[in-house]
Amino acid sequence: EAGVTQSPTHLIKTRGQQATLRCSPISGHTSVYWYQQALGLGLQFLLWYDEGEERNRGNFPPRFSGRQFPNYSSELNVNALELEDSALYLCASSFGYSAGSGANVLTFGAGSRLTVL
Amino acid sequence: AQSVTQLGSHVSVSEGALVLLRCNYSSSVPPYLFWYVQYPNQGLQLLLKYTSAATLVKGINGFEAEFKKSETSFHLTKPSAHMSDAAEYFCAVSVNTNAGKSTFGDGTTLTVKP
């Protein structure tokens, strides 16, 4: 069974440009989560999509956005890149939102490393 | 809102010694608690999870954790460290009322000395 796949593995951009990161969840998972892992800052929650809808959003500016497609894959867009956006962006998937889904285990991809110069 | 605090950003042990990684949580409703491990250049992998059944949870690779409500703790232990245990470990909390938004601690880097 394929795991969570993310692309690209590495991405180098300059300030002001836009970056698009992609994620394919495990088959059967309908929820996709995005986390930012910047050096020394741990994992910061960005976005949660379930059944095509944005369910929750972390404390990030609106230039961080995304969407989930009918096949449950997702993309994260970062507009007007800033130097501090340099980080590892992790995508995770799980079974969908339902009663008791707080116990859902997140399965992570290997991440996309974004470098902003 | 829930939160997690991992005490000690770096822990160093000798091979064969006890591993103890500390995690304290805060939650206004019954929590679900998780430990994940991240090896270099990889995503996070689940080690174990607490879902309100047994308070002592056994995970993969010989790790276990005990949920102590009175201490709001969920510390991770392993009796004997192996070199392959060197990695970064994350404690996370989730609740049903905000399902999907797991909150992670800042992580603890475990170094194992030969």
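All names here are of chain A. Across all of its chains, the model carries 13 aromatic pairs over all chains by this definition. A centroid spacing of 6.1 Å and a plane angle of 50 degrees characterise the contact between Tyr35 and Phe108, whose relative ring orientation is tilted. In this pair, Tyr35 is assigned in strand 4 (residues 31-37) and Phe108 in strand 10 (residues 107-108), connecting sequence segments 73 residues apart. By relative accessible area, Phe108 is classed as buried at 8%.

Of the residues lining the interface, 22 residues belong to chain A; the matching set on chain B comes to 22 residues. Together, the buried faces of chain A and chain B total about 1700 Å²; carbon and sulfur atoms form 56% of this surface. Put simply, chain A and chain B have three residue pairs in polar contact (both at pLDDT 80 or more) between them. Elements with a contribution of two residues or more to the side of chain A that touches chain B: strand 4, strand 5 (43-50) and strand 9 (87-94) of chain A. Residue classes in the side of chain A that touches chain B are distributed as 14 nonpolar, eight polar and no charged.

Residues and elements named next belong to chain B. In strand 1 (residues 3-7), alternate side chains face the same way, and those of Val4 and Gln6 are buried while those of Ser3, Thr5 and Leu7 on the opposite face are not. Here strand 1 pairs with strand 3 (residues 19-26) via five bridges, running antiparallel. Paired with Leu7 across the bridge in strand 3 is Arg22.

Another point: the sheet that holds strand 1 (residues 5-7) of chain A. Residue and element names in this part refer to chain A. Read from one edge to the other, the open sheet built from four strands follows the order 1-3-8-7, with strand pairing classed as antiparallel. Each of the sheet's edge strands pairs with one partner strand only, and the pair in question is strand 1 and strand 7 (64-68). Between one strand axis and the next, the sheet turns through 15 degrees on average, direction left out of account. Where strand 7 meets strand 8 (residues 74-78), five bridges bridge the pair, whose relative direction is antiparallel.

Now for unusual backbone geometry. Negative phi is the rule for most residues except glycine; trans is the rule for most peptide bonds. Put simply, Ser7(A) and Pro8(A) share a cis peptide bond, and its omega is -10 degrees. Positive phi outside glycine occurs at Glu51(A), with the angle close to 50 degrees. Positionally, Glu51(A) belongs in the loop between strand 5 and strand 6 (53-57). Its identity is not glycine, yet Asn41(B) carries a phi of approximately 60 degrees, on the positive side. Classification of Asn41(B) by relative accessible area gives exposed; the value is 73%.

A general feature of soluble globular proteins is that nonpolar side chains tend to end up buried together. With 27 residues, the main nonpolar core has Trp35(B), Leu48(B), Phe74(B), Leu76(B) and Tyr89(B) as its most contacted residues. Going through the elements one at a time, strand 2 (10-14), strand 3, strand 4 (32-38), strand 5 (44-50), strand 7 (64-68), strand 8 (73-78), strand 9 (87-94) and strand 11 (108-113) of chain B are the ones with two or more residues in this core. Core analysis: the next-biggest nonpolar cluster, separate from the first, contains 22 residues, Leu46(A), Leu47(A), Leu81(A) and Cys91(A) among them.

Here the focus is the sheet that holds strand 7 of chain B. All names here are of chain B. The five strands lie next to each other as 1-3-8-7-6, forming an open sheet whose pairing is antiparallel. Each edge of the open sheet is held by one strand with a lone partner, namely strand 1 and strand 6 (56-58). Averaged over all pairs of adjacent strands, the angle between strand axes in this sheet comes to 20 degrees, irrespective of strand direction. Taken together, the five bridges between strand 7 and strand 8 define a ladder with antiparallel strand orientation. Across the sheet, residue Glu64 finds its bridge partner in strand 8, namely Thr77.

Turning our attention to the pairing of strand 4 of chain A. Residues and elements named next belong to chain A. When you tally the buried positions in strand 4, you get seven out of seven residues, the bulk of the element. Of the two faces of strand 4, the one lined by Ser31, Tyr33, Tyr35 and Gln37 and the one lined by Val32, Trp34 and Gln36 are each fully buried. Bridge count between strand 4 and strand 5: seven bridges; the pairing is antiparallel. Across the sheet, Tyr35 pairs through a bridge with Phe45, a residue of strand 5.

Cut-off values and rules
Residues numbered from 1 in each chain as written. Chains lettered and ligands numbered in written order. Predicted model: local features only at pLDDT ≥ 70, side-chain atom pairs only at ≥ 80, totals over all residues. Heavy atoms only, no water. Phe/Tyr/Trp six-rings, centres within 6.5 Å; stacked < 30°, edge-to-face > 60°. Helix = DSSP H or I, 4+ residues; strand = E, 2+ residues; numbered from the N terminus. Buried < 20%, exposed > 50% of the residue type's maximum accessible area, 1.4 Å probe, protein only. Contact = heavy atoms within 4.5 Å. Buried area = accessible area lost by both parts, 1.4 Å probe. Polar contact = N/O pair within 3.5 Å; in protein donor to acceptor, adjacent residues only side chain to side chain. Nonpolar A, V, L, I, M, F, W, Y, C, P; charged D, E, K, R; others polar. Pairing = 2+ DSSP bridges. Axes fitted to C-alpha atoms, helices over the stretch in contact; angles between N-to-C directions. Core = buried A, V, L, I, M, F, W, Y, C linked by side-chain atoms within 4.5 Å.

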